[in-house]
Amino acid sequence: LDMKYRVAVVGGGPSGACAAEIFAQEKNIDTVLFERKLDNAKPCGGAIPLCMVGEFDLPETVVDRKVRQMKLISPSGVDVNIGDTLQADEYIGMCRREILDKYIRDRAEEFGADIVNGLVTAIDIPADHKTNPDSQYTIKYQEFTPGKSAGTAKEQKFDVIVGGDGANSRVAKAMDAGEYNFAIAFQERIKINEEQMSFYEEMAEMYVGDDVSPDFYGWVFPKYDHVGVGTGTVVNRPAIKQYQKAIRDRAGDKISGGKIIKVEAHPIPEHYRPRRVNGRIALVGDAAGYVTKCSGEGIYFAAKSGRMAAESIVELMKNGSRLPTQAEIESTYIKDYDRAYGPTYAVLDILQKVFYSNNGAREAFVELCKSKYVQQVTFDSYLYKKVQGNNPLDDIKLLGETIGCLIKGYAIAKPDAEFSNPVESLKRI
């Protein structure tokens, strides 16, 4: 009896679950998914683009709210409503990660993936794993069982590993993927009264200013029966709680009297890992560094990278008859992903450097968002995950408006507060 090749997927979020469901549909591959916490609620704004709902066949039950209006608030309190360019059937989906992740993970299990509720503690990588197809990786883990606080030490051998285990990836460390800079995202889930909640029925808010973040934004995003209120920063991580208080203060009466029902914090990658493939081990999602600048979006790119990696590897394995090489994985999954989404990362990186660097630029950013053309391009790019091919004449006009908004913004903005954290700012994970 021929033995099937075994694939391990570490991490049960969107990247890992989407990879596992692809592997599980190949009958000649044994798929095991490891997730340390099956009810995990990752601190996350929870926004997903419209294209993800259809592309990943997600039911309406995973979408808590359909946001059709976004209020953007400047450091001086100027606000702009954006969303008038959306069509009647277009929206930004707001979800809770514990609901979304479980749905995709359950679907992977239905396809045949074996779900292990366990914490991966070590991965042994044989010295000849790049040259010897018979060498296997050993995953050591603590398996958890209901009613017991301590896990049971176990281990399994695998031929291929996909690491979708987040910013603190155990797989990345084991394969020597290198370190990256990171942001700290902090979010409080706040239960507010029905009248307050009605304001956020189809509305989300983004606040910019050095009071809420020196290099990002603060948000109030609606969920099923509460709002997620949070912020994030790379350059001044020690002050994250100060920034969180500021976003609560800025939201003011709209969330006043609310009860904090959950507090969440988590590192978010700022750029790709130096190495995303090593032998027959590949990284996806946050573990690979697939979070955009400017918007801080990661859910869609996690799901997409997990699916693309798995589809490439399955095809390379030719019905489970052979194992892929590092060069093959890099020339398919990595090359295809970078070709598809590299421009998006590049554009958003530039936008963050231009508009999130100081209060003058932030004022200009909000002013610029009054433009219907800017709103149209922004929403189309977000909802459908493509840098839009725009009208050259409108682009030239937009350049002039941008310069004008920057001049005006710098004229009215208050100076940014100074801070210094020379030691902590050098930390990498």
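The model shown is predicted, which means the values in this text are computed figures rather than measured ones. (Residues numbered from 1 in each chain as written. Predicted model: local features only at pLDDT ≥ 70, side-chain atom pairs only at ≥ 80, totals over all residues. Heavy atoms only, no water.)

Participant: Sorry, what's going on with helix H8 (residues 326-355) here?
Facilitator: Along an α-helix, a turn takes 3.6 residues, which lines up residues three or four apart on a common side. Residue Tyr-341 marks the point of greatest curvature in H8, where the axis turns by about 50°; the proline Pro-343 follows within four residues. Every buried residue belonging to H8 is among Ile-329, Tyr-333, Ile-334, Tyr-337, Tyr-341, Thr-344, Tyr-345, Leu-348, Gln-352 and Phe-355, and all of these are buried. (Bend = angle between axes of the 7 residues up to and from the residue. Helix = DSSP H or I, 4+ residues; strand = E, 2+ residues; numbered from the N terminus. Buried < 20%, exposed > 50% of the residue type's maximum accessible area, 1.4 Å probe, protein only.)

Participant: How do you make sense of the packing of aromatic side chains when you look at a structure like this?
Facilitator: Both the distance between ring centres and the angle between the ring planes are used here to describe each pair of aromatic rings. Enumeration over the complete set of coordinates arrives at 20 aromatic pairs. Between Phe-301 and Tyr-345, the ring centres sit 5.3 Å apart and the planes meet at 45°, which makes this aromatic pair tilted. Pair noted here: Phe-301 is in helix H7 (residues 299-317) and Tyr-345 is in helix H8, with a separation of 44 residues, a long-range link. One exposure class covers both Phe-301 and Tyr-345, and it is buried. Relative to Phe-365, the ring of Tyr-356 has its centre 5.9 Å away and its plane inclined at 80°; by these criteria the two rings are edge-to-face. Above the plane of the ring of Phe-182 lies Arg-237, whose end atom (NZ or CZ) is 3.8 Å from the centre. Positioned above the aromatic ring of Tyr-180, the side-chain terminus of Arg-273 is 3.8 Å from the ring centre. (Phe/Tyr/Trp six-rings, centres within 6.5 Å; stacked < 30°, edge-to-face > 60°. Lys NZ or Arg CZ within 6 Å of the ring centre and 35° of its normal.)

Participant: What exactly am I supposed to notice about the sheet that holds strand S17 (residues 277-278) here?
Facilitator: In sheet architecture, strand pairing relies on hydrogen bonds along the backbone and comes in two forms, parallel and antiparallel. Across the sheet, 8 strands lie side by side as S10-S9-S8-S2-S1-S11-S18-S17; this open sheet has mixed pairing. Unpaired on one side and paired on the other, strand S10 (152-158) and S17 mark the two borders of the sheet. Note: strand S1 (residues 5-10) against strand S11 (residues 160-163), 4 bridges, orientation parallel. Residue pairing for S11: Val-9 is matched across the bridge by Val-162. (Pairing = 2+ DSSP bridges.)

Participant: What should I look at first to understand unusual backbone geometry in this one?
Facilitator: With the exception of glycine, most residues fall at negative phi, and the peptide bonds are largely trans. One non-glycine residue, Asp-57, lies in positive phi territory at about 50°. Residue placement: Asp-57 occurs in the loop between helix H2 (50-55) and strand S4 (65-67). For Asp-57, a relative accessible area of 56% gives the class exposed.

Participant: Please explain the packing of helix H1 (residues 14-24) against helix H3 (residues 97-111) as it appears in this structure.
Facilitator: When two helices pack together, you describe them by how their axes are tilted relative to each other and by the distance separating the axes. As a packed pair, H1 and H3 sit with axes 8 Å apart at the nearest point and diverge in direction by 15°. Between H1 and H3, the angle falls in the class roughly parallel. Handedness of the crossing formed by H1 with H3: left-handed. Residue-level inspection shows Pro-14, Ala-17, Cys-18, Ala-20, Glu-21 and Ala-24 of H1 in contact with H3, the latter providing Arg-97, Asp-101, Ile-104, Arg-105, Arg-107, Ala-108 and Phe-111. Counted by class, the contact of H1 with H3 contains 8 nonpolar, no polar and 5 charged residues. (Axes fitted to C-alpha atoms, helices over the stretch in contact; angles between N-to-C directions. Parallel < 35°, antiparallel > 145°, perpendicular 65-115°, else oblique. Left-handed = near helix turned anticlockwise from the far one by under 90°. Contact = heavy atoms within 4.5 Å. Nonpolar A, V, L, I, M, F, W, Y, C, P; charged D, E, K, R; others polar.)

Participant: I'm lost on the pairing of strand S5 (residues 69-73) in this one. Help?
Facilitator: On a regular strand, one side chain projects to one face of the sheet and the next to the other, so that they alternate. A large share of S5 lies buried, amounting to 4 of its 5 residues. Note: S5 against strand S13 (residues 203-207), 5 bridges, orientation parallel. Bridge assignment links Gln-69 to a residue of S13, and that residue is Met-203.

Participant: I would appreciate a short explanation of the nonpolar core in the present structure.
Facilitator: Across soluble globular proteins, nonpolar side chains have a tendency to be buried as a group. Counting residues in hydrophobic clusters, the biggest one holds 105 residues, and the most contacted among them are Phe-23, Phe-34, Ile-139 and Tyr-333. Broken down by element, the residue count for this core peaks at 11 residues, all from H7. Setting aside residues no more than four positions away along its own chain, Tyr-333 makes contact with Ala-282, Leu-283, Val-284, Tyr-290, Ser-305, Met-308, Ala-309 and Ser-312. Within the second largest apolar cluster, 15 residues are counted, among which are Met-203, Val-212, Ala-246 and Ile-247. (Core = buried A, V, L, I, M, F, W, Y, C linked by side-chain atoms within 4.5 Å.)

Participant: Explanation requested: the sheet that holds S13 in the structure shown.
Facilitator: Pairing within the open sheet is mixed, and its 7 strands lie in the order S6-S5-S13-S14-S15-S12-S16. Among the strands making up the open sheet, the edge pair consists of strand S6 (79-82) and strand S16 (259-269). In this sheet, adjacent strand axes meet at a mean angle of 20° when their direction is disregarded. With 3 bridges connecting them, S13 and strand S14 (residues 218-222) associate as antiparallel partners. Residue pairing for S14: Glu-205 is matched across the bridge by Val-220.

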